[in-house]
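Listed below, chain by chain, are the residues.
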Amino acid sequence: MKKVGIVMGSDSDLPVVKKAVDVLTSFGVPFEVHVFSAHRTPDEAAGFAATAREKGFGVLIAAAGMAAHLAGALAARTTLPVIGVPCKSAALDGIDALLSTVQMPSGIPVATVAIDGAANAALLSVQILALGEPELARALDEKRRRDAAAVLAKDAALAEQLQLNH
Ligand code: RP5
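The model shown is predicted, which means the values in this text are computed figures rather than measured ones.

Chemist: Describe the nonpolar core, and please don't skip the residues or the numbers.
Modeler: It is characteristic of soluble globular proteins that their nonpolar side chains tend to be buried jointly. Grouped together as the largest cluster of nonpolar side chains are 27 residues, with contacts concentrated most on Ile6, Phe27, Val29 and Val85. Mapped onto this core, the elements with two or more residues apiece are strand S1 (3–8), helix H1 (14–27), strand S3 (57–65), strand S4 (82–87), helix H5 (118–129) and helix H6 (134–162). Looking at this core, the element that brings in the most residues is H1, giving seven residues. Not counting the four nearest positions on each side in its chain, Val85 is found in contact with Val16, Ile61, Ala62, Ala63, Ala64, Val113, Ala114, Asp116, Gly117, Ala118 and Ala121. Counting residues in each nonpolar core, the second largest holds 20 residues, with Ala38, Phe57, Ala62 and Val110 among its members.

Chemist: Any details on the site of the ligand? Residues and values, ideally.
Modeler: Around the ligand, the surrounding shell consists of Gly9, Ser10, Ser12, Asp13, His39, Arg40, Ala64, Gly65 and Met66. Ser12 is positioned with one of its side-chain polar atoms (N or O) 2.7 Å from an oxygen atom of the ligand. Note that an oxygen atom of the ligand is positioned 3.0 Å from one of the backbone N or O atoms of Gly65. In the complex, the protein chains occlude 74% of the 360 Å² of accessible area that the ligand would expose alone. Among the cavities detected, the one that contains the ligand is the largest pocket. The class makeup of the residues in the shell around the ligand is two nonpolar, five polar and two charged.

Chemist: Let's hear about the sheet that holds strand S2 (residues 31–35): which residues, and what values?
Modeler: The parallel open sheet is built from five strands, whose spatial order is S2-S1-S3-S4-S5. For this open sheet the edge positions go to S2 and strand S5 (111–112), each flanked by a neighbour on one side alone. Two elements, S4 and S5, share two bridges in a ladder whose sense is parallel. Note on S5: the bridge partner recorded for Ile83 is Ala111. Running over the sheet, H1 touches S1, S2, S3 and S4 and is turned about 170 degrees from S1.

Chemist: Mind laying out the pattern of salt bridges, listing which residues take part and the relevant values?
Modeler: The tally for this structure, following the rule as stated, stands at five salt bridges. The shortest N-O distance in the salt bridge between Lys3 and Glu32 comes to 3.0 Å. Taken as a pair, Lys3 in strand S1 and Glu32 in strand S2 lie far apart in primary sequence, 29 residues in all. A salt bridge links Asp22 to Lys18, with the shortest nitrogen-to-oxygen separation between them at 2.9 Å. Of the two residues, Asp22 and Lys18 are both situated in helix H1; the distance of four residues between them amounts to about one turn of the helix.

Chemist: Please set out the packing of H5 against H6 residue by residue, giving values where relevant.
Modeler: Running from N to C, H5 and H6 point in directions that differ by 140 degrees, and their axes come no closer than 8 Å. Classed by the angle they form, the pair H5 and H6 counts as oblique. Of the two elements, H5 crosses H6, and the hand of that crossing is left-handed. On H6, the residues touching Leu123, Val126, Gln127 and Leu129 of H5 are Leu136, Leu140, Lys143 and Arg144. Across the contact of H5 with H6, the residue classes break down as five nonpolar, one polar and two charged.

Chemist: Explain the layout of surface pockets to me, and be specific about the residues and the numbers.
Modeler: Of the pockets and cavities examined, the largest pocket occupies roughly 260 Å³. Forming the walls of the largest pocket are 17 residues, and the residues nearest its centre are Ser10, His39, Arg40, Gly65 and Met66. Within the lining of the largest pocket, the residues separate by chemical class into six nonpolar, eight polar and three charged.

Parameters at a glance
Residues numbered from 1 in each chain as written. Predicted model: local features only at pLDDT ≥ 70, side-chain atom pairs only at ≥ 80, totals over all residues. Heavy atoms only, no water. Core = buried A, V, L, I, M, F, W, Y, C linked by side-chain atoms within 4.5 Å. Buried < 20%, exposed > 50% of the residue type's maximum accessible area, 1.4 Å probe, protein only. Helix = DSSP H or I, 4+ residues; strand = E, 2+ residues; numbered from the N terminus. Contact = heavy atoms within 4.5 Å. Near = heavy atom within 4 Å. Polar contact = N/O pair within 3.5 Å; in protein donor to acceptor, adjacent residues only side chain to side chain. Areas by Shrake-Rupley, 256 points an atom, 1.4 Å probe, with all protein chains shown as cover. 1 Å grid on protein atoms, 1.4 Å probe; cavity = no way out; pocket = protein on both sides within 12 Å on 5 of 7 lines; lining within 4 Å. Sits in = over half its atoms within 2 Å of the grid points. Nonpolar A, V, L, I, M, F, W, Y, C, P; charged D, E, K, R; others polar. Pairing = 2+ DSSP bridges. Axes fitted to C-alpha atoms, helices over the stretch in contact; angles between N-to-C directions. Salt bridge = Lys/Arg side-chain N within 4 Å of Asp/Glu carboxyl O. Parallel < 35°, antiparallel > 145°, perpendicular 65-115°, else oblique. Left-handed = near helix turned anticlockwise from the far one by under 90°. Points joined across faces, edges and corners; volume = space filled by probe spheres on them.

Spelled out as structure tokens, the structure:
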């Protein structure tokens, strides 16, 4: 199975990235996590992206905050799908990172998820890998069923609590 490469701009992004790690672990998808900054270690970030395909990666996730150009910088060096996770920071609540990540000029796409949306970035990675992995596709279907059942259980519990529908 192809690996997912997670790159964060700083170790301060780890609490957000942990959500992606948990999702990938739950699906048994192999992954690596690195700290490479687009501005502090541009050569390492570019080198990682440029060699990612030959090293067995199928998708890259880039998590960064503030003037977050990490996802775009990685996407510039690979034709693997790159998913950007804008991370919240103090000054602008993540709007800075959201706009920096999502507003890629035409030609170099970055699939951007919500601010701090690392869980969805991981799920999207699994969905991409599942194109060639029927077992993963089945695991995704099963998760959807479990999630739906959890919502319906909450609906039933609420009705019970409020004595509705009786
Ligand atoms: C970005 O700047 C990082 O992705 C992080 O979200 C933000 C702050 O980095 P630190 O100053 O905490 O290293 O490059």
